[in-house]
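# Structure at a glance
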Amino acid sequence: MSRQSRRRSEKQQIDWHLPSTSSTGSAYHMGTELFILTYGTLVAQLCEDCEKDEDINKVLDKMGHNIGTRLVEDFLARSNITQCRNSYETAEVIAKVAFKMYLGVTPRVTFWNQAGDDCSLFLEKNPLRGYVEIPEKHSNLLYSNMICGILRGALKMVRLQVDIQLLHDSVNDDKVTEIRMKLMRRHKAVRTVEKEQKHPVGT
Amino acid sequence: MVVYSVYVVNKAGGLVYQYDNYSPRTDVEKTFSHPLDLVLKVYDERVVVSFGQRDGIKVGYAVLSINGIDVNGKYMSDNRDVLEYLNTSFNYPLAIRFGRPRLTSNEKLMLASMFHSLFAIGSQLSPEPGSSGIEMLETDAFKLHCFQTLTGIKFIVLADPRQAGIDSLLRKIYEIYSDFALKNPFYSLEMPIRCDLFEQNLKVALEIAEKAGTFGAGS
């Protein structure tokens, strides 16, 4: 038995002993209340700053995009996902792994179109909308639009251009958020930055 | 069992971060009096020993520092020419340090870009479709391991050929990058990484990998 324990395989577990401030070292969980409140304050501040709901939606999308471009590396580093072979796999990974990891909920992936590049993600319980009631004057506000921005930014970093829209955001007591995701284009393997910039990439 | 250096290359092939971990054991510092019995010449923007090998100072070694002050190529830190300085008997006796010439940061940038291109060529040479790029480059003195993320960033580690566990070290460096570089809002993507926390945690991870590696190989 001692001989077996001495034989170690290449993929041994290394104990990294990272300081507790690193999110890898200690699996700390932040309270959802703080997160919901922070997001809520952000949207409330934007409502004061901007006149129109469309502008607020755009700003939320842009913020989400900035988050997404950074979050994707964290996601790929932690989840050991290999390259997805088609859009079904991509949508499954987004719904089952990414959403689970960051929001703790798993949306349903349905309503695939014929070509197989257009689908809907249904979030039964949207953690962002837990305690929120949107007043009448902001009827066009897409409260969870940041999630769309995050998905768009993240997929852009792995060279997938997507068109993402928040369709239904818990109106009429349905409490269901629907995100429509259309995979538009896949960039070929990037050789140089110049080549990629020839394609019109969405901001 | 040592990890020699870490390089991080961005999507465009530019070097974003570089860390050297090895302490060169070839440096020799000696006190000299005029006239110098080593023949020096300027080669590749450095002052190099061309004849007169002795006492551990070999041909090809560059002048690294004079009297403790680092030399900048063929000029000293106060912009005086090194060869002129060494030819003036007035300045002697002096202590000169010779050693294998180090790579300058420009050279490292060039090498990283070159490797980026070779990496892409590697995947094109493949007879099978959908191959990855170069994952390992092996010489008798070191092994170069490369890990490319799905977002196009490459993490390159140069290590001792017998060092084990480099794959998990590369994944670990990816995690440290996603934590301390990306979660820092003042760091812009694709730009050189100048985050202290990133460097500190990287050093810790390298130390742990080196210690763990001794258990992996050959025991």
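Residues numbered from 1 in each chain as written. Chains lettered and ligands numbered in written order. Predicted model: local features only at pLDDT ≥ 70, side-chain atom pairs only at ≥ 80, totals over all residues. Heavy atoms only, no water.

Chain B is annotated in an unreviewed UniProt entry as Trafficking protein particle complex subunit of Scyliorhinus torazame. Heading Sequence similarities (unreviewed entry) of the UniProt record for chain B holds this comment: "Belongs to the TRAPP small subunits family. TRAPPC4 subfamily." The Function (unreviewed entry) comment attached to chain B in UniProt states, word for word, "Core component of the TRAPP complexes which has a function of guanine nucleotide exchange factor activity for Rab1 GTPase. Plays a role in vesicular transport from endoplasmic reticulum to Golgi and autophagy. May play a role in dendrite postsynaptic membrane trafficking." (UniProt positions renumbered as here; feature names shortened; annotations may be inferred.)

Right, let's talk about the overall build of chain B for a bit. Assigned secondary structure in chain B consists of 4 helices and 11 strands. Its C-alpha atoms give chain B principal-axis dimensions of roughly 65 × 45 × 35 Å. For chain B, the exposed surface amounts to about 11,600 Å²; the carbon and sulfur share of it is 54%. If the 22 positive side-chain charges of chain B are averaged to one point and the 25 negative ones to another, these points end up 1 Å apart. (Helix = DSSP H or I, 4+ residues; strand = E, 2+ residues; numbered from the N terminus. Areas by Shrake-Rupley, 256 points an atom, 1.4 Å probe, with all protein chains shown as cover. Lys, Arg positive; Asp, Glu negative; His and termini not counted. Charge placed at Lys NZ, Arg CZ, Asp CG, Glu CD.)

A separate point is the pairing of strand β2 (residues 118-123) of chain A. All names here are of chain A. Of all 6 residues in β2, 6 are buried, a share of seventy percent or more. Of the two faces of β2, the one holding D118, S120 and F122 and the one holding C119, L121 and L123 are both buried throughout. Note: strand β1 (residues 108-110) against β2, 3 bridges, orientation antiparallel. Counted as the bridge partner of R108 is F122 from β2. (Buried < 20%, exposed > 50% of the residue type's maximum accessible area, 1.4 Å probe, protein only. Pairing = 2+ DSSP bridges.)

Time to look at the packing of helix α3 (residues 53-79) of chain A against helix α3 (residues 166-181) of chain B. Two elements in contact, α3(A) and α3(B), have axes separated by 9 Å at closest approach and are oriented at 150°. It follows that α3(A) is roughly antiparallel to α3(B) by the angle criterion. Judged by the sense of rotation from one axis to the other, the crossing of α3(A) with α3(B) is left-handed. Along its contact with α3(A), which presents A:R70, A:E73, A:D74, A:L76, A:A77 and A:R78, the element α3(B) presents B:Y174, B:E175, B:Y177, B:S178, B:D179 and B:A181. (Axes fitted to C-alpha atoms, helices over the stretch in contact; angles between N-to-C directions. Parallel < 35°, antiparallel > 145°, perpendicular 65-115°, else oblique. Left-handed = near helix turned anticlockwise from the far one by under 90°. Contact = heavy atoms within 4.5 Å.)

A word on the nonpolar core. Ranked by size, the top nonpolar core spans 71 residues in total, and within it A:F99, B:F155, B:V157, B:L169, B:Y177 and B:I193 carry the most contacts. Ranked by residues supplied to this core, first place goes to α3(B) with 9 residues. If we skip the residues at most four places from it in the chain, B:Y177 touches A:E73, B:I153, B:F155, B:L182, B:Y187, B:L189, B:I193 and B:F198. One finds B:Y61, B:V63, B:V71 and B:V82 within the second-largest nonpolar core, a separate group that totals 20 residues. (Core = buried A, V, L, I, M, F, W, Y, C linked by side-chain atoms within 4.5 Å.)

As a further point, take the side chain of A:N145. Residue placement: A:N145 occurs in helix α5 (residues 145-157). With sequence-adjacent residues up to four places away left out, A:N145 is seen in contact with A:Y39, A:N57, A:L60, A:D61 and A:L166.

What follows deals with the environment of A:L155. All names here are of chain A. Within the secondary structure, L155 sits in helix α5. Sequence separation of L155 and G130 is 25 residues, and the distance between their C-alpha atoms is 26 Å. Aside from chain neighbours lying at most four places away, what touches L155 is T90, I94, L160, V162 and M181.

Residues and elements named next belong to chain A. Remark: helix α4 (residues 87-102) packs on α5, axes separated minimally by 13 Å, with the N-to-C direction vectors making an angle of 120°. For the element pair α4 / α5, the angle class is oblique. Seen from above, α4 lies across α5 with right-handed handedness. Contacts between α4 and α5 pair T90, I94 and F99 from the former with I147, L151 and L155 from the latter. Split into classes, the residues belonging to the contact of α4 with α5 amount to 5 nonpolar, 1 polar and no charged. (Nonpolar A, V, L, I, M, F, W, Y, C, P; charged D, E, K, R; others polar.)

Turning our attention to unusual backbone geometry. Residue A:N80 is not a glycine yet carries a positive backbone phi of 55°. Backbone geometry at B:N67 places phi at a positive 55°, although glycine is not the residue there. Residue position: B:N67 is located in the loop between β6 (62-66) and β7 (69-70).

One pass over the full model with this rule turns up 0 disulfides over all chains. With no disulfide partner, A:C119 has as its closest neighbouring cysteine sulfur the one in A:C148, 12 Å distant. (Disulfide = S-S within 2.5 Å.)

Once that is clear, we can look at the sheet that holds strand β9 (residues 136-138) of chain B. Residue and element names in this part refer to chain B. If you walk across this open sheet you meet the 5 strands as β2-β1-β11-β10-β9, and the pairing is antiparallel. Of all the strands in the sheet, the pair left with one neighbour each is β2 (15-20) and β9. Between one strand axis and the next, the sheet turns through 10° on average, direction left out of account. Pairing between strand β1 (residues 3-9) and strand β11 (residues 154-159): 6 bridges, direction antiparallel. Pairing of V3 across the sheet is with A159, part of β11. Together, β1, β2, β10 (143-148) and β11 form the strand contacts of helix α2 (residues 105-125), whose direction differs from that of β2 by roughly 115°. Along the sheet, α3 contacts β1, β10 and β11; its crossing angle with β11, the most-contacted strand, is approximately 135°.

A word on α2(B). All names here are of chain B. Look at α2: 30 Å from first C-alpha to last across 21 residues, which is about the 30 Å you get at 1.5 Å a residue. Along α2, the residues classified as buried are K108, A112, F115, H116 and F119. Looking straight down α2, one finds its buried side chains confined to an arc of 105°; they lie on one side. When the buried face of α2 is taken as reference, the exposed residues oriented beyond 90 degrees from it are N106, M110, Q124 and L125. (Expected span 1.5 Å × (residues − 1). Arc of directions from axis to C-beta.)

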